[in-house]
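# Commentary on secondary and tertiary structure
Each chain is listed here by its residues.
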Amino acid sequence: MQKDLTLLLGLQEIDDQLGELERSRIYLPEMIQSLEKEIDELNQAIAINDKILEESQREQRMFELEIETDKQELDKFQKQMKVIKTNKEYDALTAEIDAKKQGVADKEEKTLALMAAADEAREKSAELKSMLTEVKTRNTTQLETLRNQESTLQAKIEDKIIERNNLIKDINRQIVGVYERIRKGKGGMAVVPVRKRACSGCFKQIPPQRIQEIRRGDRIFACDSCGRILTWTDEENV
Ligand SMILES: [Zn+2]
């Protein structure tokens, strides 16, 4: 094969790798962020749940204290009942006792609801914490790998650029110019193999005589239709 063509294929490989590295510049931080977010969100859910648990326990204690006081007052009312003198006093005290009893019943009901909420929060807390452990184990290893990749990315890109510059020195300037123009314009492969007697970039059929010329590789041919540089590979000879 023509020396420039071999070198162009090497250049294309380097450019593909460079493209991949440049894409990593975007997707590595995104992946890192999404793995960190997964952990953060679980931590937040745990914090919210803990707050609910704390709040329901606090309210529960408050109602318990109030019920305690209410019951003491009820005792006091019961004692007063024994020394009541008039019907009017009796009616008033009975009403107070009834109201107090109703209040106690309401608070007991609320306490039960709070206990159920606390149980639910405790259960959810255990569930979330075990999820966090699992996610942390999984994501930590992945994060380590990704952060390593991210930290060596710049050096890898610089190495590739040096490699590219060294290679490009040995290729005909004009051919490099054509290559770069196609690569920019078509956004991808600039050197493509002939496949099924057609350009594998745009699928335009190539005349048999031209195929023979490409096959001989005496000089570089571009596709009439898309302008991509055509190569012959031995596995493609049908
Ligand atoms: Zn073409």
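Residues numbered from 1 in each chain as written. Predicted model: local features only at pLDDT ≥ 70, side-chain atom pairs only at ≥ 80, totals over all residues.

## Notes on the overall build of the protein chain
- When helices and strands are tallied, the protein chain shows four helices and four strands.
- If you list the helices and strands of the protein chain from N to C, you get α-α-α-β-β-α-β-β.
- The long-range fraction of contacts in the protein chain, counting pairs at least 24 apart against all pairs at least 6 apart in sequence, stands at 73%. (Helix = DSSP H or I, 4+ residues; strand = E, 2+ residues; numbered from the N terminus. Contact = placed C-beta atoms within 7 Å.)

## Details of the nonpolar core
- Among the nonpolar cores identified, the biggest contains 16 residues, and Leu-8, Tyr-179, Val-191, Cys-199, Ile-229 and Leu-230 are the most heavily contacted of them.
- Sorting the residues of this core by element identifies helix H1 (3-82), helix H3 (173-186), strand E1 (191-195) and strand E4 (229-231) as the ones contributing at least two each.
- Of the residues forming this core, the biggest block, four residues, is contributed by H1.
- Residues contacting Val-191, with those up to four places away along its chain left out, are Leu-8, Leu-9, Gln-12, Tyr-179, Arg-228, Ile-229 and Thr-231. (Core = buried A, V, L, I, M, F, W, Y, C linked by C-beta atoms within 7 Å. Buried ≥ 20, exposed ≤ 12 C-beta atoms within 10 Å, placed from the backbone.)

## Regarding the domain arrangement of the protein chain
- Along its sequence, the protein chain is organised into domain 1 (18-155) and domain 2 (174-231).
- In this structure, domain 1 and domain 2 have C-alpha centres spaced 67 Å apart. (Domains from an automatic or database assignment.)

## Focus on H1
- Here H1 is 80 residues long and its end C-alpha atoms lie 118 Å apart, about the 118 Å a rise of 1.5 Å per residue gives.
- Where H1 bends most, the angle comes to about 35 degrees, and this point is Arg-25, followed within four residues by the proline Pro-29.
- When we look at burial in H1, the residues that qualify are Leu-5, Leu-7, Leu-8, Leu-11, Ser-56 and Phe-63.
- The inward-facing, buried residues of H1 contact helix H2 (87-168), H3, E1 and E4. (Expected span 1.5 Å × (residues − 1). Bend = angle between axes of the 7 residues up to and from the residue.)

## Thoughts on the packing of H1 against H3
- One way to put it is that H1 packs onto H3 with a least axis distance of 11 Å and a crossing angle of 35 degrees. Of the two elements, H1 crosses H3, and the hand of that crossing is right-handed. In this structure, H1 uses Asp-4, Leu-8, Leu-11 and Asp-15 to contact H3, whose residues at the interface are Ile-175, Tyr-179 and Arg-183.
- Residue composition of the contact of H1 with H3, grouped by class: four nonpolar, no polar and three charged. (Axes fitted to C-alpha atoms, helices over the stretch in contact; angles between N-to-C directions. Left-handed = near helix turned anticlockwise from the far one by under 90°. Nonpolar A, V, L, I, M, F, W, Y, C, P; charged D, E, K, R; others polar.)

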